[in-house]
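Here are the chains, one letter per residue:
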Amino acid sequence: LQTRMQSLQPDPKAQYRGVYEALKKMVLTEGFWRPLRGIDVTMLGAGPAHALYFACYEKVKKSLSDILQPGGNSHLANGIAGSVATLLHDAVMNPAEVVKQRLQMFNSPYTSVLGCVRTVQRTEGFGAFYRSYTTQLTMNVPFQALHFVTYELMQEHLNPHRQYNPQSHIVAGAVAGAVAAAATTPLDVCKTLLNTQENTALSSLKISGHLSGMANAFSTVYQLGGVPGFFRGVQARVIYQMPSTAIAWSVYEFFKYFLTKHALERK
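Residues numbered from 1 in each chain as written. Predicted model: local features only at pLDDT ≥ 70, side-chain atom pairs only at ≥ 80, totals over all residues. Heavy atoms only, no water.

Going by the annotation in an unreviewed UniProt entry, the name recorded for the chain is Mitoferrin-1, with Peucedramus taeniatus given as the source organism. The UniProt entry for the chain carries the following comment under Function (unreviewed entry): "Mitochondrial iron transporter that specifically mediates iron uptake in developing erythroid cells, thereby playing an essential role in heme biosynthesis." On record in UniProt, under Subcellular location (unreviewed entry), the comment for the chain is "Mitochondrion membrane". (UniProt positions renumbered as here; feature names shortened; annotations may be inferred.)

**Focus on unusual backbone geometry**
Even without glycine at this site, Asn107 takes up a positive phi of about 55°. Structurally, Asn107 is set in the loop between helix H4 (75-104) and helix H5 (113-124). Within the chain, Arg162 stands out as a residue other than glycine whose phi angle is a positive 55°. Accessibility expressed as a relative area gives 38% for Arg162, which makes it partly exposed. (Helix = DSSP H or I, 4+ residues; strand = E, 2+ residues; numbered from the N terminus. Buried < 20%, exposed > 50% of the residue type's maximum accessible area, 1.4 Å probe, protein only.)

**Overview of the packing of aromatic side chains**
Across all of its chains, the model carries 18 aromatic pairs by this definition. Centre to centre, the rings of Phe54 and Tyr252 are 4.1 Å apart; their planes meet at 10°, and the pair counts as stacked. Remark: Tyr252 occurs in helix H11 (residues 234-266) and Phe54 occurs in helix H3 (residues 39-68); sequence separation between them is 198 residues. By relative accessible area, Tyr252 is classed as buried at 16%. Aromatic ring contacts, followed pair by pair, group Tyr53, Phe54, Tyr57, Phe148, Tyr151, Trp249 and Tyr252 into a single cluster. (Phe/Tyr/Trp six-rings, centres within 6.5 Å; stacked < 30°, edge-to-face > 60°.)

**Details of empty space enclosed by the protein**
Which parts of space are left empty comes out when a probe the size of a water molecule is rolled across the atoms. Summed over all chains, the structure comprises 1 cavity of 30 Å³ or more. Here the largest cavity is characterised by a volume of approximately 40 Å³. Looking at side-chain class alone, the lining of the largest cavity contains 4 nonpolar, 5 polar and 1 charged residues. (1 Å grid on protein atoms, 1.4 Å probe; cavity = no way out; pocket = protein on both sides within 12 Å on 5 of 7 lines; lining within 4 Å. Points joined across faces, edges and corners; volume = space filled by probe spheres on them. Nonpolar A, V, L, I, M, F, W, Y, C, P; charged D, E, K, R; others polar.)

**Thoughts on the confidence of the model for the chain**
Summing up the model confidence of the chain, the mean pLDDT is 89 and the portion of residues at 70 or higher is 100%. The secondary structure element of the chain with the lowest average pLDDT is helix H9 (residues 199-204), at 81, and the one with the highest is helix H7 (residues 166-183), at 94. (pLDDT = per-residue confidence, 0-100.)

**Examining H11**
Taking 1.5 Å per residue as the helical rise, H11 with its 33 residues ought to reach 48 Å, and the 47 Å between its terminal C-alpha atoms agrees with that figure. When we look at burial in H11, the residues that qualify are Ala236, Arg237, Val238, Gln241, Thr245, Ala246, Trp249, Ser250, Tyr252 and Glu253. Those residues of H11 hidden inside the fold are in contact with helix H1 (2-5), helix H2 (19-30), H3, helix H6 (133-158), H7 and helix H8 (185-196). (Expected span 1.5 Å × (residues − 1). Contact = heavy atoms within 4.5 Å.)

**Brief notes about the UniProt feature "repeat: Solcar" (unreviewed entry) in the chain**
Per the UniProt record, "repeat: Solcar" (unreviewed entry) is annotated on residues 1-63, 73-157 and 164-258. A distance of 39 Å separates the end C-alpha atoms of residues 1-63, which is 65% helix and 0% strand. When the span residues 73-157 is considered, its composition is 79% helix and 0% strand, and the gap between its end C-alpha atoms is 13 Å.

**Some remarks on the layout of surface pockets**
In this structure, the largest pocket encloses a volume near 1,500 Å³. Looking at the lining of the largest pocket, the elements with two or more residues in it are H1, H2, H3, H4, H6, H8 and H11. The element contributing the most residues to the lining of the largest pocket is H11, with 14 residues. Here the residues of the lining of the largest pocket are counted per class, giving 23 nonpolar, 15 polar and 9 charged.

This is the structure in structure tokens:
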């Protein structure tokens, strides 16, 4: 839904006024499973990406906190740790994101993940999978900094003793995801344009070849949609990020608690 709603010049059959209408229209006209298109490539990338992400976050956070605020919780350390972890996460997820979003576009010419990878590689080269990498980093570094700082701040109020508390992890994760998602939507719209290379939008501005670079993406979005264009799909993005970050944090905190407890019992 987010990918479709961020389209700058959508097909008349894929113009939506809201999240519910988009979902209903997609299911009725394209089939029940269409909203789940791209789930396979997302799952393939998410495992290794999140493993690197949380491992790096914990290591950097601990090292910096010991320097900046020994024995306490440093928001600066949390923000920096989240930003550094993003570099590794996005290096793995960027190609998966390109394939996923191309599969999700209305009337996508791609029928499978492997077919999409082969076609993009043959027609646009390997660089196409990282065309939006700098834009994604520009978006995700502030996203993750806001995300982690908000999460840790919420934890200070909801769970000051930092015990395993599923309710606090879910609420803090959801709030952190919503705040970060809303704030970084303009960059996400640019990233979607670079990933999908939306033909109709580029043709209307007589742009030949492939669009690359964050500055070009910003300029194109502004020319086609003005300031409101940078917030296309913001509702879908926030609705998607809230449960996503809530689930990620609650599952992560559970395994952190379970494995730490198990290790202590063995000792």
